[in-house]
Structures are given as structure tokens and as C-alpha cells.
Amino acid sequence: MLIRLVILIALAALGLLLNICIGDVRIDPLLALQSVFAPGSLPESCSTSLDIIWQIRLPRLLTAATVGAALAVSGYVLQALSRNYLADPYLTGVSSGAGVTVALGLTFGLSFSMVPVAAFAGGLAASIVVALLSRNPTGLSMTRMLLSGVALSTICSGLITLIITNGGNPVQSQGIFFWLAGGIGGRTWDEVIPAATYTVVGCLVALILSKQIRLLSLGTQQARSLGVNVELVQMLLLAVAVLMCGAAVSVSGLVGFVGLMAPHLSRRLYGRDERVHLICAALLGIALVEMSDLAARSMVPGQELPLGTLLSLIGGPFFLWLVSRQKGEELA
């Protein structure tokens, strides 16, 4: 397992370096490393490369890392809560709620700089609605959560379609479409730092509650018999998942399947320790989004493909493969 962990860390580090070096302007790897770790030692002739790295590529890189870690860890938590490997962060309704508020905001003239705020608020509101509908006397019903999330997503998708098709401004409608397609281009430090902060806090809380996550994955009755306050822990973990998923959606738009693939691969490759699973899921999510973003802006010269669309082409077949293998079973 140690060798696999070293390989994963190396893969994530390689993704970081490649994302800094590759783009419309190619940057030498040694110059990239020096720009990150010792920018003051660079000569004046390297000021352009320094600006590209610090003002464009590093914020984008931090955004990719934030989105990957947030979706992966929130997916892991939700899969443990629902006891089903097919669970995804979007079952909470975060993406659909965020999409509606962003579409409405842009239609009524909301500045693009306020899109992350609108996305986070809408995703949080939708998640609260799903959580309230999922409550029962013994805690949270994951079946109700899944059904409520699907129903809410369907309603919100219809609202988004109505907003786009009936928008009077074609430019605004195009902006809504591109946001829904997902992407992390053009993010600034001011936009990504709050989302990164929420993600770090969420990951730390998930690590602290890793033992409770393991016990809940055995079933609520067994967890309660082992001394777990099931209702409280469920609400805390759901809040953590919503916080991180909302943070990711606020800076990337609708990017799916990361929270499905990374937790599943982590469980298969890295033993049975919940803390190791969480850390490796985060690293896998980071590597997946980094590499996908690199492919999205490198596959077609002079054009950037939507990150969400590209990940859907990867995650869709993965989901179908999981469905064919699971045959309806839940986590043991």
C-alpha cells in the first residue's frame, strides 16, 4: 500500500507541475519551480513568466485542487452515510440549486464576479431542503435523501431550461450555458481562497470523524449500539459534505463524477483505514481534476473544452461499470 500511496502523491505532484508548465505559453519546468519556491531570485527578464504563473496558472491550479478534494471527500462521506457506492455529492441537490440561482442571477444582470456567491447560496438552500425532507425519528433516511435529491434536481433542471430558452439576452444565455458546462478558467485568488478554506475545514472535520464514518457504514443500528450518536453525526457529516460540495460548485460550475470515482478507487487501492481512504480520495480527486483540466485546455489548440463535459465522458462509463458490478447491493 505504501508504494501505491507514493505513486499517488507523485502523480498529484506531476499534475501540479504539468499544469503550471503547459498552456498557450510553455514554461520551462525548472523556471516554473523557481517561480513558485524562489520568485525573488528570478531576473527581470522572467517577469512575464512570473506573472503568468502567479496571476493565472496558480489560482487555476488551486481551484482544480480545491474542486477535486472537495468533491472527492464529500462523495466519500455521502457514500458512507447512504451505504451505497453509487452515491454522489449531487444527490444532495447542490448542483441543481446552484444552477438555478446562477441562471436567475445572470438573467437579472448579476456580475460574473458574484457567481460563486450565488452558486454557494443556491446549493446550500437546496441541500437544506433535501436534508429536511430526509429526516425521520431515527435520523436521516438515505432513501428519502436520494429520492428528494433526484426530484429537486429534475425540478431545477426544468427551471434552468426555461431560463435559458426564454432569456432575452443571448450573451447572458451563453454565459449561463458555459457555467453549467463546468470549468475553472479565469479564477482569481479572491475567488478561490474562500472555497479552499471551506474545503480544508471540511476535510479536517471528516478526518476527525473518520471512526464514526466507519461505524455508520456498518449500519445505523449497529453504530448506535457501539455508542455513536447517529443523528448528530449524520447531520455533521451531511453539513460537511454540503459545505465542500457547495464550495466546489461555487468556483467550478457543474462538474460531476469526481465524487463517485475518487472514493471508489481509494477504497479499492488503499486498504480499509478510513483516514487513509479520506486522504487518498482527496489526492485522487485532485489528480483527476488536474489532469482533466490539462486535457480540456490542451486537446484542441486555441480552444478550451468544458471541464464538466470532459469529466462526464470519463465518469459516465465508470458509473455504468459500477452499476453492472454492484447489482443493487449496499455497503457492508
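Everything that follows concerns the structure shown earlier in this document.
Basis of the calculations
Residues numbered from 1 in each chain as written. Predicted model: local features only at pLDDT ≥ 70, side-chain atom pairs only at ≥ 80, totals over all residues. Heavy atoms only, no water. Patch = residues over 30% accessible without salt bridge, like charges linked within 9 Å, V, L, I, M, F, W, Y side chains within 5 Å. Areas by Shrake-Rupley, 256 points an atom, 1.4 Å probe, with all protein chains shown as cover. Salt bridge = Lys/Arg side-chain N within 4 Å of Asp/Glu carboxyl O. Helix = DSSP H or I, 4+ residues; strand = E, 2+ residues; numbered from the N terminus. Core = buried A, V, L, I, M, F, W, Y, C linked by side-chain atoms within 4.5 Å. Buried < 20%, exposed > 50% of the residue type's maximum accessible area, 1.4 Å probe, protein only. Contact = heavy atoms within 4.5 Å. Phe/Tyr/Trp six-rings, centres within 6.5 Å; stacked < 30°, edge-to-face > 60°. Polar contact = N/O pair within 3.5 Å; in protein donor to acceptor, adjacent residues only side chain to side chain. Expected span 1.5 Å × (residues − 1). Bend = angle between axes of the 7 residues up to and from the residue.

## With respect to a nonpolar patch on the surface
Link 1 in the chain: A cluster of nonpolar residues, Leu30, Leu33 and Phe37, forms a patch on the protein surface that exposes about 370 Å² of accessible area.
Link 2 in the chain: Examined against the element boundaries, leucine 33 turns out to sit in helix H2 (residues 29–37).

## Quick notes on the nonpolar core
Link 1 in the chain: Counting residues in each nonpolar core, the largest one holds 64 residues, and the members touching the most others are Leu71, Val73, Val77, Trp179, Leu237 and Val249.
Link 2 in the chain: Among the elements that take part in this core, helix H11 (residues 230–252) stands out by supplying 13 residues, more than any other.
Link 3 in the chain: Beyond its immediate chain neighbours, meaning those up to four positions away, leucine 237 contacts Val77, Leu81, Leu209, Ile213 and Leu216.
Link 4 in the chain: Counting residues in each nonpolar core, the second largest holds 12 residues, with Ala32, Leu42, Leu58 and Leu61 among its members.

## Topic: the environment of cysteine 203
Link 1 in the chain: By secondary structure assignment, the location of cysteine 203 is in helix H8 (residues 189–208).
Link 2 in the chain: Sequence-distant contacts of cysteine 203, defined by excluding residues within four places in its chain, comprise Val73 and Met244.

## Some thoughts on the pattern of salt bridges
Link 1 in the chain: Summed over the entire model, instances satisfying the criterion amount to 4 salt bridges.
Link 2 in the chain: Across the pair arginine 60 and aspartate 293 runs a salt bridge, and its minimum N-O distance is 2.7 Å. Highlighted residues: arginine 60 in helix H3 (residues 47–82) and aspartate 293 in helix H13 (residues 274–296), separated in sequence by 233 residues. The burial state of arginine 60 is the same as that of aspartate 293; both residues are buried.
Link 3 in the chain: For glutamate 231, the salt bridge goes to arginine 224, with nearest N and O atoms at 2.8 Å.
Link 4 in the chain: Glutamate 231 gets classed as partly exposed once you look at its relative accessible area, which sits at 28%.

## Remarks on the packing of aromatic side chains
Link 1 in the chain: One pass over the structure, following the stated rule, counts 2 aromatic pairs.
Link 2 in the chain: Aromatic pair tryptophan 54 and tryptophan 189: ring centres 6.4 Å apart, planes at 35°, arrangement tilted. Of this pair, tryptophan 54 sits in helix H3 while tryptophan 189 sits in helix H8; the two residues are 135 residues apart in sequence, bridging distant segments of the chain.
Link 3 in the chain: Here tryptophan 189 falls in the partly exposed class, since its relative accessible area comes to 27%.
Link 4 in the chain: With centroids separated by 5.8 Å and ring planes inclined at 50°, the aromatic side chains of phenylalanine 318 and tryptophan 321 adopt a geometry described as tilted.

## What about the side chain of glutamine 79?
Link 1 in the chain: Relative to the elements of secondary structure, glutamine 79 occurs in helix H3.
Link 2 in the chain: A distance of 3.3 Å separates a polar side-chain atom of glutamine 79 from the backbone oxygen of glycine 259.

## Looking at the side chain of serine 49
Link 1 in the chain: Inspection of the secondary structure puts serine 49 in helix H3.
Link 2 in the chain: Relative accessible area serves as the criterion here: at 18%, serine 49 is assigned to the buried category.
Link 3 in the chain: Sequence-distant contacts of serine 49, defined by excluding residues within four places in its chain, comprise Ile27 and Leu31.

## Focus on H3
Link 1 in the chain: Over its 36 residues, H3 runs 51 Å from end to end, which matches the ideal 52 Å to within 8%, given 1.5 Å per residue.
Link 2 in the chain: The sharpest bend along H3 measures roughly 40° and falls at arginine 57, with the proline proline 59 sitting one to four residues further on.
Link 3 in the chain: Burial of H3 is extensive: 29 of the 36 residues sit out of reach of the surface.
Link 4 in the chain: Remark: arginine 83 follows H3 within two positions and exhibits a positive phi of approximately 55°.

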